[in-house]
Amino acid sequence: MSYASEDFSKSMMQLQRKHKRRSKASGVKRGVMSSVNHDGIVVARSRRKSGESPVLGILFFVGVFMLFKAYTLASDGAEAYGERVESFREGTKMEQTIGWAMQADPVTKAIAGYFTKVTAE
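I will try to describe carefully the structure that is included in this document. Computed from a predicted model, the values in this text were never measured in an experiment.

A closer look at the overall build of the protein
Part 1 of the reasoning: Helix and strand content of the protein: 5 helices and 2 strands.
Part 2 of the reasoning: Each helix (α) and strand (β) of the protein, taken in turn from the N terminus, gives the series α-β-β-α-α-α-α.
Part 3 of the reasoning: Each of the 121 residues in the protein was classed as buried or not, and the buried ones make up 12%.
Part 4 of the reasoning: Considering only intrachain contacts with a sequence separation of at least 6, the fraction spanning at least 24 residues in the protein is 42%.
Part 5 of the reasoning: Roughly 10,100 Å² of accessible area belongs to the protein as shown, and the carbon and sulfur atoms make up 61% of that amount.

Things to note about the pairing of strand 2 (residues 42-46)
Part 1 of the reasoning: Judged by how many residues are buried, strand 2 sits mostly at the surface: 0 of 5 residues are covered.
Part 2 of the reasoning: Sheet analysis places strand 1 (residues 32-36) next to strand 2, joined by 5 bridges and oriented antiparallel. Bridge assignment links Met 33 to a residue of strand 2, and that residue is Arg 45.

Some thoughts on the packing of aromatic side chains
Part 1 of the reasoning: Scanning the model with the defined rule gives 2 aromatic pairs in all.
Part 2 of the reasoning: Between the aromatic rings of Phe 61 and Phe 65, the centroid separation amounts to 6.3 Å while the plane-to-plane angle is 15°, which identifies the pairing as stacked. Of this pair, Phe 61 and Phe 65 both sit in helix 2 (residues 54-76), 4 residues apart, roughly one helical turn.
Part 3 of the reasoning: What makes Phe 65 partly exposed here is its relative accessible area of 26%.

Remarks on the nonpolar core
Soluble globular proteins: nonpolar side chains tend toward being buried together.
Part 1 of the reasoning: Ranked by size, the top nonpolar core spans 6 residues in total: Ala 70, Leu 73, Tyr 81, Val 85, Met 102 and Ala 112.
Part 2 of the reasoning: Where this core is concerned, the elements lending two or more residues are helix 2 and helix 3 (78-89).

Some remarks on the environment of Ala 74
Part 1 of the reasoning: Here Ala 74 shows up in helix 2.
Part 2 of the reasoning: Taking the C-alpha atoms as reference points, Ala 74 and Thr 116, 42 residues apart in sequence, are found 5.9 Å from one another.
Part 3 of the reasoning: Ignoring sequence-local partners within four residues, the contact set of Ala 74 consists of Ala 112, Phe 115 and Thr 116.

Quick look at the pattern of salt bridges
Part 1 of the reasoning: By the definition in use, this model includes 3 salt bridges.
Part 2 of the reasoning: Between Asp 76 and Arg 84 there is a salt bridge; the shortest N-O distance is 3.0 Å.
Part 3 of the reasoning: On the accessibility criterion, Asp 76 (30% relative accessible area) is partly exposed.
Part 4 of the reasoning: Its relative accessible area of 46% is what places Arg 84 among the partly exposed residues.

Here's the deal with the packing of helix 3 against helix 4 (residues 93-102)
Any two packed helices are characterised by how steeply their axes cross, that is the angle between the axes, and by the distance between the axes.
Part 1 of the reasoning: It is at 7 Å that the axes of helix 3 and helix 4 come closest, and there the two elements cross at 150°. Helix 4 is crossed by helix 3, and the crossing has left-handed handedness. Residues Tyr 81, Val 85, Phe 88 and Arg 89 of helix 3 lie in contact with helix 4, whose contacting residues are Glu 95, Gln 96, Ile 98, Gly 99 and Met 102.
Part 2 of the reasoning: Looking at the contact of helix 3 with helix 4 residue by residue, the class counts come to 5 nonpolar, 2 polar and 2 charged.

Reading the values: rules and limits
Note on numbering: residues in each chain are counted from 1, in written sequence order. With pLDDT at 70 or above as the cut-off, local features in this predicted model cover only qualifying residues; side-chain atom pairs require 80 or more to be listed or tallied, and sums for whole chains, interfaces and linings still use all residues. Derived side-chain values reflect all non-hydrogen atoms in the structure, with water molecules and hydrogen atoms excluded from consideration. Each helix is a run of H or I in the DSSP string that is no shorter than four residues. Each strand is a run of E no shorter than two, and both are numbered from the N terminus. Note on exposure labels: buried denotes an accessible area under 20% of the residue type's maximum, exposed denotes more than 50%, and partly exposed covers the range between, all computed with a 1.4 Å probe on protein chains only. Contacts between residues were defined by any pair of non-hydrogen atoms, one from each residue, lying within 4.5 Å. Where accessible areas are quoted, they stem from the Shrake-Rupley method and a 1.4 Å probe; at the residue level, only the protein chains shown are allowed to cover. When DSSP finds at least two bridges between two strands, those strands are taken to pair. Classification of ring pairs uses Phe, Tyr and Trp, with its six-membered ring standing for Trp, and accepts pairs whose centres are within 6.5 Å; under 30 degrees between planes counts as stacked, over 60 as edge-to-face, and the remaining range as tilted. Among buried residues, the Ala, Val, Leu, Ile, Met, Phe, Trp, Tyr and Cys ones that are joined through side-chain atoms within 4.5 Å form a nonpolar core. For this analysis, a salt bridge means a side-chain nitrogen from Lys or Arg found within 4 Å of a carboxyl oxygen belonging to Asp or Glu. Each axis is a line fitted through C-alpha atoms, and for a helix only the stretch in contact is used; angles between axes span 0 to 180 degrees, taken between their N-to-C directions. Each helix crossing is assigned a hand: it is left-handed if the near helix lies turned anticlockwise from the far helix by less than a right angle, otherwise right-handed if that turn is clockwise. Throughout, the ten residues Ala, Val, Leu, Ile, Met, Phe, Trp, Tyr, Cys and Pro are labelled nonpolar, Asp, Glu, Lys and Arg are labelled charged, and all others, Gly among them, are labelled polar.

Here is the structure:
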């Protein structure tokens, strides 16, 4: 019985190596998942697409950006932050875009208020 399991393990390893070589050569992104049927037959099925969504990445980026804005507003103070944003608005197109994105909105002010309360204690 141990010979049969060794042969099975050896054939599974060969299939996995063969799959890795083929997936690298053909450019398969998700690959193939092999499983053993109730009959003992090895069945290869394509892997399901995971729940990747660009919306989650964008929301994460926006959230981190808002936290960054709030932190700089809380650490610099409202006047210094406003002066810095105004200096961006007078520059090149890229700096103007940064100035527009960095302007203090109500959400940023609320989070900055929370940061100042937390750091003051």
